[in-house]
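An overview of the molecular structure
Now for the letters of each chain:
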Amino acid sequence: MTAREAQAAPATSPVPRPAVLGDYETAARGRLDGRVWDFVQGGAESERTVGDNRRAFSRVTLRPRVLVDVSHCDTGTELLGARLRTPLGIAPTAYHQLVHPEGEVATARGAGAAGALFVVSIYASHTLEDIAAAAAAPLWLQLYWLRRRDLLAELVGRAAAVGYRAIVLTVDAPRLGRRHRDARNGFAIGPGIRAANLDPAVMTAAHLPGTGRSALADHAAEAVDPSVTWSDLAWLRERSDLPLVLKGILTAQDAALAVRHGADAIVVSNHGGRQLDRTPATLDALAEVVDAVGGAVPVLLDGGVRGGTDAFAALALGARAVLLGRPALWGLAADGAAGVAGVLDLATEELAHTMALAGRPDLGSLDRSAVLLRAERR
Ligand SMILES: Cc1cc2nc3c(=O)[nH]c(=O)nc-3n(C[C@H](O)[C@H](O)[C@H](O)COP(=O)(O)O)c2cc1C
Ligand SMILES: O=C(O)C(=O)c1ccccc1
């Protein structure tokens, strides 16, 4: 943008013409309290996996095909029986009201405007019902396995009643990762914000500041059942007819177990580097999981996706869809529902652009031959 154009932009525009998702990140940083920023951006321990997720994408090179008719590039896809305009969706993240007063209601509106999947966290700050009322695209509900199984049973019933299309069980968090930023900040959820779908009695620890630890880690130790194993999945199955998605799988062994235990989809995820540090980048784990699953169920990926070319690489390596965690929160913080839609639309446009220049006009024409994953330089 020229200086003259910048001056002509309306002064009220919170994000002047973002060109890349990083522009939303910059805008979000300027708007958020430092402790909330650290909670959003941070990861576990050395944050090595946070960085590795990004570095893996930077090792991808593209292998374009030419003289292909790319006058129409179609990013549309189908996932668990639902049509989506884009294979980019929103990963579950807790407490959207931390970054915007309209919280998940605005996120649902933004996702709907973009025709994108929104995975709602069990720690949403609005009710499942209010979020569903604002949605115009598929919603899935993410759960942690709480000790209070009565709450899980209640949630899956409520989700089905208002049209959520799948249950996502996050399996990489039997306890919370050691997040040094949150511990140093004594991070706690402020009094005006609630996990709107959970019994307040379960949530007390999450709101206790000044302990010199992360209140969320204390809460998780109290509330999450770390004894759950594969055989417990049947309990959840018996209580819901919705498809069951397992989020947080990184190995061929667990992918095979997931399929054997009847998972309907898998999300290759290291929780954005927030749980076990030094796990592989998700892009590096993707091929082994896709191969182990052998097409039995769709495989999704999250972690470090920061634009359409990243999504292109993951889709080429076998992901059916790709979820954005932090970037959705940047969009929400920067500009509410419009920011969320802006992030999804921008990344989807980038994906369509990459598809055109790479000679792959639809997702069906994307396969491993479209990319080269260079070995890590040591
Ligand atoms: C602020 C924040 C809160 C999160 N909360 C949850 C959650 O409630 N449940 C969950 O399964 N994953 C949660 N995650 C992990 C995301 O679903 C996702 O795996 C991760 O953010 C993807 O990486 P990315 O942020 O690099 O896109 C959270 C991530 C962030 C950044
Ligand atoms: O899952 C997370 O990454 C997360 O930050 C969290 C921690 C405690 C409660 C809810 C979400």
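Residues numbered from 1 in each chain as written. Chains lettered and ligands numbered in written order. Predicted model: local features only at pLDDT ≥ 70, side-chain atom pairs only at ≥ 80, totals over all residues. Heavy atoms only, no water.

An unreviewed UniProt entry lists the protein under the name Glycolate oxidase, with Actinacidiphila cocklensis as the source organism. According to the UniProt record, the Cofactor (unreviewed entry) comment for the protein reads "FMN". In its Sequence similarities (unreviewed entry) section, the UniProt entry covering the protein states "Belongs to the FMN-dependent alpha-hydroxy acid dehydrogenase family." (UniProt positions renumbered as here; feature names shortened; annotations may be inferred.)

**Notes on the UniProt feature "binding site: glyoxylate" (unreviewed entry) in the protein**
Following the UniProt record, one finds the feature "binding site: glyoxylate" (unreviewed entry) at Tyr-144, Arg-179, His-271 and Arg-274. Mapped onto the elements, Arg-179 comes out in the loop between strand E7 (167-170) and helix H8 (180-185). By secondary structure assignment, the location of His-271 is in the loop between strand E9 (265-268) and helix H13 (282-293). On the accessibility criterion, His-271 (11% relative accessible area) is buried. (Helix = DSSP H or I, 4+ residues; strand = E, 2+ residues; numbered from the N terminus. Buried < 20%, exposed > 50% of the residue type's maximum accessible area, 1.4 Å probe, protein only.)

**Topic: the site of ligand 2**
Surveying the vicinity of ligand 2 reveals the residues Phe-39, Ala-94, Tyr-123, Tyr-144, Leu-176, Arg-179, Leu-216, His-271 and Arg-274. In this structure, an oxygen atom belonging to ligand 2 sits 2.5 Å away from a side-chain N or O atom of Tyr-144. Interatomic distance of 2.8 Å between a side-chain N/O atom of Arg-274 and an oxygen atom of ligand 2. Contact with the protein chains hides 93% of the accessible area of ligand 2, taken as 300 Å² for the molecule alone. For the shell around ligand 2, the residue count by class is six nonpolar, one polar and two charged. (Near = heavy atom within 4 Å. Polar contact = N/O pair within 3.5 Å; in protein donor to acceptor, adjacent residues only side chain to side chain. Areas by Shrake-Rupley, 256 points an atom, 1.4 Å probe, with all protein chains shown as cover. Nonpolar A, V, L, I, M, F, W, Y, C, P; charged D, E, K, R; others polar.)

**Focus on the side chain of Asp-225**
As for its position among the elements, Asp-225 is in the loop between helix H10 (215-223) and helix H11 (233-238). Buried within the structure, Asp-225 lacks any salt-bridge partner; Arg-149 is the closest side chain of opposite charge, at an N-O distance of 4.4 Å. Side-chain polar atoms of Asp-225 contact the side chain of Ser-227, separated by 2.7 Å. Setting aside residues no more than four positions away along its own chain, Asp-225 makes contact with Trp-145, Leu-146, Arg-147 and Arg-149. (Lys, Arg positive; Asp, Glu negative; His and termini not counted. Salt bridge = Lys/Arg side-chain N within 4 Å of Asp/Glu carboxyl O. Contact = heavy atoms within 4.5 Å.)

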